[in-house]
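Each chain, written out:
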Amino acid sequence: MPKASHLPQSSLSQALLDRFYEQCNWTLEVWTLRRALFDGNRRKRTLERGPHTYFLNYLQTILTEYVMLQVAKLHDPAVVSGRVSLTLDYIVEYGGWDSATRGRLVRSKRTLDKLGSVMKLPRNKLIVHNDLSTIMQDASLGTFSAGADTNYFSLSNAS
């Protein structure tokens, strides 16, 4: 994702755009860390059989939940219960973009929302709240296709 100063003219302040960039970049960095440690690690099988298996399983769960939380937060509505949130929706809706830029942002957001919406249910039911019926059912709260996360971060990084 380019630094906010490279974006077309907006009615949003540079400071606000920089803060949003920092949020997006942090989400990307945490996902990259999780991916490097667990998905793309050539030594993963060796580590899984080692003495630190228990610790690594915990770390994988913690990083997975944290990435899901960060992605889901980026996809919250701009206004929730009368409170304004710095989200993709806020940037698109309140950015004061010219029509061509707004159109590109809406299309990009629509694509990003495909994974973002998958992250909402687990975030709302288990990461932020301990929803009793969800816990007792012990059911999967949804999945995304292999590589959907890589596509998500590739798109957000190329914008």
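Residues numbered from 1 in each chain as written. Predicted model: local features only at pLDDT ≥ 70, side-chain atom pairs only at ≥ 80, totals over all residues. Heavy atoms only, no water.

A. Inspection of unusual backbone geometry at higher detail. Positive phi is not limited to glycine here, since S81 has a value of about 50°. Turning to its location among the elements, S81 is positioned in the loop between β1 (79–80) and β2 (83–84). With relative accessibility at 74%, the residue S81 sits in the exposed group. (Helix = DSSP H or I, 4+ residues; strand = E, 2+ residues; numbered from the N terminus. Buried < 20%, exposed > 50% of the residue type's maximum accessible area, 1.4 Å probe, protein only.)

B. Spotlight on the environment of S145. Here S145 is to be found in the loop between α6 (132–137) and α7 (148–158). Residues S145 and L115, spaced 30 residues apart in sequence, show a C-alpha to C-alpha distance of 9.4 Å.

C. Examining the side chain of D149 more closely. Relative to the helices and strands, D149 is located in helix α7. Setting aside chain neighbours within four positions, we find D149 in contact with W31, D39, L115 and F144. (Contact = heavy atoms within 4.5 Å.)

D. Region of interest: helix α3 (residues 53–74). In a regular helix each residue adds 1.5 Å, so 22 residues correspond to 32 Å; α3 covers 32 Å between its end C-alpha atoms and thus fits that length. Within α3, burial applies to L56, Q60, L63, V67, M68, L69, Q70, V71, A72 and L74. (Expected span 1.5 Å × (residues − 1).)

E. Looking closely at the packing of aromatic side chains. Under the counting rule described, the total for this entry stands at four aromatic pairs. Taking 4.4 Å as the distance between ring centres and 20° as the angle between the ring planes, the aromatic pair formed by W31 and F153 counts as stacked. On the criterion of sequence distance, the pair formed by W31 in helix α1 (residues 14–39) and F153 in helix α7 is long-range, its members being 122 residues apart. In this pair, the class of W31 matches that of F153, namely buried. A centroid spacing of 4.9 Å and a plane angle of 75° characterise the contact between Y152 and F153, whose relative ring orientation is edge-to-face. Residue class for Y152 comes out buried when judged on its relative accessible area of 7%. Site record: aromatic cluster; members linked through ring pairs are W31, Y152 and F153. (Phe/Tyr/Trp six-rings, centres within 6.5 Å; stacked < 30°, edge-to-face > 60°.)

F. Region of interest: a positive patch on the surface. Taken together, the side chains of R104, R107, R110 and K114 make up a positively charged region of the molecular surface. Within the secondary structure layout, R104 lies in helix α5 (residues 99–127). On the basis of relative accessible area, R104 is assigned to the partly exposed category, the value being 44%. (Patch = residues over 30% accessible without salt bridge, like charges linked within 9 Å, V, L, I, M, F, W, Y side chains within 5 Å. Areas by Shrake-Rupley, 256 points an atom, 1.4 Å probe, with all protein chains shown as cover. Salt bridge = Lys/Arg side-chain N within 4 Å of Asp/Glu carboxyl O. Lys, Arg positive; Asp, Glu negative; His and termini not counted. Charge placed at Lys NZ, Arg CZ, Asp CG, Glu CD.)

G. Quick look at the pattern of salt bridges. Taken as a whole and judged by the stated rule, the model has five salt bridges. In this structure, R34 and D39 form a salt bridge, with 2.8 Å as the shortest nitrogen-oxygen distance. The class of R34 is buried, set by a relative accessible area of 13%. For D39, a relative accessible area of 45% gives the class partly exposed. Across the pair K109 and D113 runs a salt bridge whose closest N-O atoms are separated by 2.7 Å. Residue K109 and its partner D113 are both found in helix α5; the two are separated by four residues, about one turn of the helix.

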